[in-house]
Amino acid sequence: MWVARRFLSSVSQRSQSGLFCHPKHGSLPELELRYLQCTCCWRSRVPIAGFETLNTTLSTASEPCKEDINGPLDACYTSEQRDTILQRLNNDSMSDLASVKLLRGRKSLNIVEYRTKNGPFKNLESVVNVPLLKHKSAVIVFNSILNPVKKERKVKIQLAKFIRPEVDRSWLEETNSIVSLVCGTNKIAWAHVDRGMTTLDWRQQECPNFLNGTYMASAYLNDVSAVVSLLPSADFYIIEKSAISVQNTSLFPIMAHMRAVEAMLFALLEPKYSAPESNIPPRVLNMMRTAVGRHFGLMVGESRTSGAQTVRLLMTESVTQKLPRINFPEELLVKYRNYFQMGSRRGGEELCDALLQAVCFYELLSESSS
């Protein structure tokens, strides 16, 4: 943070008492004072008069300058620099702002929403009113605008092999919670899991109109709407995408059923403002069923076996291990402790799949970020 800006013009002797002591013999040209200067604001300067002064000064100068931390942001920049920063913050689109350090994801959206609601930023100090942009973050953003890093580019998510549509990784990294949904032939199950790998909600809803006679759209809509009304709020809704082959004509009714429910969930859960041209990422995503099966070793050839045993193991680890893969509240452990036993007719496959899909999502996201 502190760098020497000027040096002694010439020094031929040095005594133990300090840098600026005059020699006992002979004469030297007048010594020129040197000082340290803060690289944050390039204003605060500390003269160095000797080793003792240097040690004392550095002990207090190791922290950022007070002007940069507590003073007004506008005072730390020249008028030209302020104009450059405000020009970009007031005119850049969300995708352009995302190229600035710290402005990927939610922060760039917050800037656009703030200036739309309150008008253009009139000074740098007003930027700290934007959610998620406090003083320290604002300084980093301003410096990034003034000194852009050419190598920095928007990084696309590395999860494209198993999740659609493709979403910028930064949005997923800021996720606080997801709802994982799995559709069955007569029910929909979901698991609400937060970023700390804690199960907040886990249940299923019977859908009596599924695969009942002709595929009446109104009947399907009633059942799917009833499920959506029970779902908790989350940053993303992850819907399982089955891998039913179109070449197996005997499974056409099941495939049509799955696609109809999937389409209705997308339509009911996706907000209207999330249009492609809005640069706001979709909050409803598809996740391949086979990818989850491979992650947990449940695939036999191209078919996926039951995940009940894996879920029982996860529930056991939740109470026996200090750092389990996923945590369960006590009430959920009590509710489902005997639900996934061998030969059980409770029909818990959708519950298993919904939970495993949520765990897989977070674990693969963590792997791709590391």
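All chains use their own residue numbering, which begins from 1 and follows the written sequence. Side-chain atom pairs in this predicted model are given and counted only at pLDDT of 80 or more, local residue features only at pLDDT of at least 70, and totals for whole chains, interfaces and linings cover all residues. Note: side-chain values were computed over all heavy atoms of the structure, leaving out hydrogens and water.

## Here we look at the overall build of the protein chain
Next, step 1: Per the convention used, a helix needs a DSSP run of H or I reaching at least four residues, while a strand needs a run of E reaching at least two, with both numbered from the N terminus. Per the secondary structure count, the protein chain includes 13 helices and eleven strands.
Next, step 2: Summary of the burial criterion: residues with accessible area below 20% of their type's maximum are buried, those above 50% are exposed, and those between are partly exposed, where the area comes from a 1.4 Å probe applied to protein chains only. Counting only residues that meet the buried cut, the protein chain has 43% of its 370 residues in that class.
Next, step 3: Residues count as neighbours in contact if any of their non-hydrogen atoms are within 4.5 Å of one another. Taking the intrachain contacts of the protein chain between residues at least 6 apart in sequence as the baseline, contacts between residues at least 24 apart amount to 63%.
Next, step 4: Roughly 20,600 Å² of accessible area belongs to the protein chain as shown, and the carbon and sulfur atoms make up 52% of that amount. Working definition of accessibility: Shrake-Rupley area with a 1.4 Å probe, residue cover restricted to the visible protein chains.

## What about the packing of aromatic side chains?
Next, step 1: In summary, the pairing rule links any two rings of Phe, Tyr or Trp, Trp by its six-membered ring, whose centres are within 6.5 Å, and it sorts them by plane angle into stacked for under 30 degrees, edge-to-face for over 60 and tilted for everything else. Throughout the structure, instances matching the rule amount to ten aromatic pairs.
Next, step 2: Taken together, the ring pairs connect W202, F328, Y336, Y339 and F340 into an aromatic cluster.

## Comments concerning the state of the cysteines
Next, step 1: Our working definition of a disulfide is a cysteine sulfur pair at a distance within 2.5 Å. Using the criterion set out here, one finds zero disulfides in the structure.
Next, step 2: Free cysteine: C207, not disulfide-bonded; nearest cysteine sulfur from C183 at 7.3 Å.
Next, step 3: The exposure class assigned to C207 is buried, which follows from its relative accessible area of 1%.

## Some thoughts on the side chain of H257
Next, step 1: With respect to the element layout, H257 can be found in helix α9 (residues 252-269).
Next, step 2: Given a relative accessible area of 0%, H257 falls into the buried group.
Next, step 3: Throughout this description, a polar contact denotes any pair of N or O atoms lying within 3.5 Å of each other; where both atoms belong to protein, one of them has to be capable of donating a hydrogen while the other can accept it, and for residues adjacent in sequence the pair is counted only when both atoms sit in side chains. Within polar-contact distance, the side chain of H257 engages the backbone oxygen of G184 at 2.9 Å.
Next, step 4: Side-chain polar atoms of H257 contact the side chain of Y220, separated by 2.7 Å.
Next, step 5: With residues up to four places along the chain from it excluded, the contact list for H257 reads C183, G184, T185, F210, L211, Y215 and Y220.

## Digging into the side chain of D353
Next, step 1: Position of D353 relative to the elements: it lies in helix α13 (residues 349-369).
Next, step 2: In this structure D353 comes out as buried when scored by relative accessible area, which is 6%.
Next, step 3: A polar atom in the side chain of D353 sits 2.9 Å from the side chain of R289.
Next, step 4: When sequence neighbours within four positions are dropped, the list of residues in contact with D353 reads V182, E240, R289 and R304.

## Quick word on helix α11 (residues 308-320)
Next, step 1: To estimate how far a helix should reach, multiply one less than its number of residues by 1.5 Å. Between its first and last C-alpha atoms α11 spans 18 Å; for 13 residues at 1.5 Å apiece the expected length is 18 Å, and the two agree.
Next, step 2: Every buried residue of α11 is accounted for by A308, T310, V311, L314, M315, E317 and S318.

## Regarding the environment of V130
Next, step 1: By the element assignment, V130 lies in the loop between α5 (106-118) and α6 (135-146).
Next, step 2: Separated by 16 residues in the primary sequence, V130 and Y114 place their C-alpha atoms 6.4 Å from one another.

On their own, these measurements won't tell you what the molecule is for.
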